[in-house]
Amino acid sequence: MYWHIGKCIFEEEQQSKDRADYGSFLIKYLSEQLQPEFGSGFSIRQMNLYRQFYRTFPIVHALHAQLSWTQYKLLLSVDSKEKREFYVAETKKNNWTSRQLERQVYSNLYERLLLSNDKESVLAVAKNEKQPADAKEIIKDPMLLEFLGLKRESSYYEKDLESAIITHLQDFLLELGNGFSFVSRQKRIHIEGDEFFVDLVFYNRLLQCFVIIEIKTHKLTHQDIGQLQMYVNYYDRIEKTIS
């Protein structure tokens, strides 16, 4: 309905020589006639959105029933066709709510994926036209964790950050990206007679690999990297074989 209203407004507007002025007058006139009877859905602001909706998505059969009007209104603010196609595909694939889509748009998900990838690959993976062959195709850099509620200026222990991630696990999985599932927290492993604890372990079904996360609140050291590599070698040698 909103699309067809937008189409009617735009087609009427096209008939005028002074298109912009006539379009504004037409929307104001229609709003004054319709809003008293049909309510706020026919305010000037909403009527402008209907026209923008038609102009942004000119093919009605290309609209997707899985997306709500709230989600389409959000997509109207996205400034390129490629980005809109990406967010539409991701919303359908992941069943994002309006709030989840809003967060991904405003946290620049598309741009963050492009930092380590090319536009064609990002869009193809989103549309399920290809399976990711490299972790860079689905891993974001940087990751944004504002949903943890931790203030930037505060000092936290690593266990505080870990606990916050577990508390907000659904949001964290959304930020990680497609195909991730939670496996373990403080996973105990034995290497050459010594006992170690891996902070967080996830599995990605698309890449068919374990993903190990070591939480550090200080600047990363060579010792930290060496420890993480030791865990990776263990999972590659033992856990992957068991799975």
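In this report, the structure presented in the accompanying data block is examined. The numbers attached to residues start from 1 for each chain and follow its sequence in the written order. Whole-chain, interface and lining totals are the exception, using all residues; otherwise, since this is a predicted model, local features are given only for residues with pLDDT of at least 70 and side-chain atom pairs are given and counted only at 80 or more. Water and hydrogen atoms play no part in the side-chain values, which are based on all heavy atoms of the structure.

## Description of the overall build of the chain
- On a plain count of helices and strands, the chain comes out with 11 helices and 3 strands.
- Going from the N terminus to the C terminus, the chain shows its helices and strands as α-α-α-α-α-α-α-α-α-α-β-β-β-α.
- Compactness check: the chain gives a C-alpha radius of gyration of 24 Å against a globular reference of 18 Å for 243 residues, more than 25% above the reference.
- Each principal axis of the C-alpha atoms in the chain carries an extent, and together these give about 80 × 40 × 30 Å.
- Think of it in three bands: with a 1.4 Å probe and only protein chains considered, a residue is buried below 20% of the maximum accessible area for its type, exposed above 50%, and partly exposed in between. Taken across its 243 residues, the chain has 40% of its residues classed as buried.
- What makes two residues a contact is simply this: any of their non-hydrogen atoms within 4.5 Å. Sequence-distant contacts in the chain: of pairs separated by 6 or more residues, those separated by 24 or more amount to 52%.
- For every accessible area listed, the method is Shrake-Rupley and the probe measures 1.4 Å; residues are considered covered only by the protein chains on display. Approximately 14900 Å² of the chain is accessible, and the part contributed by carbon and sulfur atoms is 51%.
- Two residue types count as positive, namely Lys and Arg, and two as negative, namely Asp and Glu; His and chain ends fall outside the count. To locate a charge, take NZ of a lysine, CZ of an arginine, CG of an aspartate or CD of a glutamate. Computed over 32 positive and 34 negative side-chain charges, the inter-centroid distance for the chain is 3 Å. Working definition: helices are DSSP H or I runs of at least four residues, strands are E runs of at least two. Numbering for both runs from the N terminus. Put simply, the radius of gyration uses C-alpha atoms, and a globule should come to 2.2 Å times the residue count raised to 0.38.

## Structural notes on the nonpolar core
- In this description, a nonpolar core means a group of buried Ala, Val, Leu, Ile, Met, Phe, Trp, Tyr and Cys residues linked to one another through side-chain atoms lying within 4.5 Å. Counting residues in each nonpolar core, the largest one holds 34 residues, and the members touching the most others are M47, F53, Y72, L75, F86, Y87 and L101.
- Taken together, the elements giving at least two residues each to this core come down to helix 1 (2-14), helix 2 (19-38), helix 3 (44-56), helix 4 (69-75), helix 5 (81-94), helix 6 (98-106), helix 7 (109-114) and helix 8 (119-126).
- A total of 5 residues in this core trace back to one element, the largest contributor, which is helix 3.
- With 15 residues, the next largest nonpolar core counts L148, A164, L169 and I215 among its residues.

## Some thoughts on helix 3
- The span expected for a helix works out to 1.5 Å for each residue beyond the first. The end-to-end C-alpha distance of helix 3, which contains 13 residues, comes to 18 Å, matching closely the 18 Å that a straight helix rising 1.5 Å per residue would cover.
- Of all the residues in helix 3, the buried ones are Q46, M47, L49, Y50, R51, F53, Y54 and T56.

## Considerations on the pairing of strand 1 (residues 180-191)
- A strand pair is defined by DSSP finding two or more bridges across the two strands. Note that strand 1 and strand 2 (residues 194-204) share 10 bridges and pair antiparallel. Its bridge partner lying in strand 2, I189 is registered against F196.
- Adjacent in sequence and paired antiparallel, strand 1 and strand 2 are bridged by 2 residues, among which E192 carries a positive phi angle near 50°.

## Some points on the sheet that holds strand 3 (residues 209-213)
- Read from one edge to the other, the open sheet built from 3 strands follows the order 1-2-3, with strand pairing classed as antiparallel. The outermost strands of the open sheet, each flanked by one partner alone, are strand 1 and strand 3. In this sheet, adjacent strand axes meet at a mean angle of 40° when their direction is disregarded.
- Where strand 2 meets strand 3, 5 bridges bridge the pair, whose relative direction is antiparallel. What sits directly across from V201, in strand 3, is I212.
- Across the sheet, helix 9 (residues 158-167) lies against strand 1 and strand 2, angled at about 145° from strand 1, the strand it touches most. Every axis corresponds to a line fitted to the C-alpha atoms, with the helix fit spanning only the stretch in contact, and the corresponding angles, defined between N-to-C directions, vary from 0 to 180 degrees.

Spatial relationships are all this shows, so hold off on functional conclusions.
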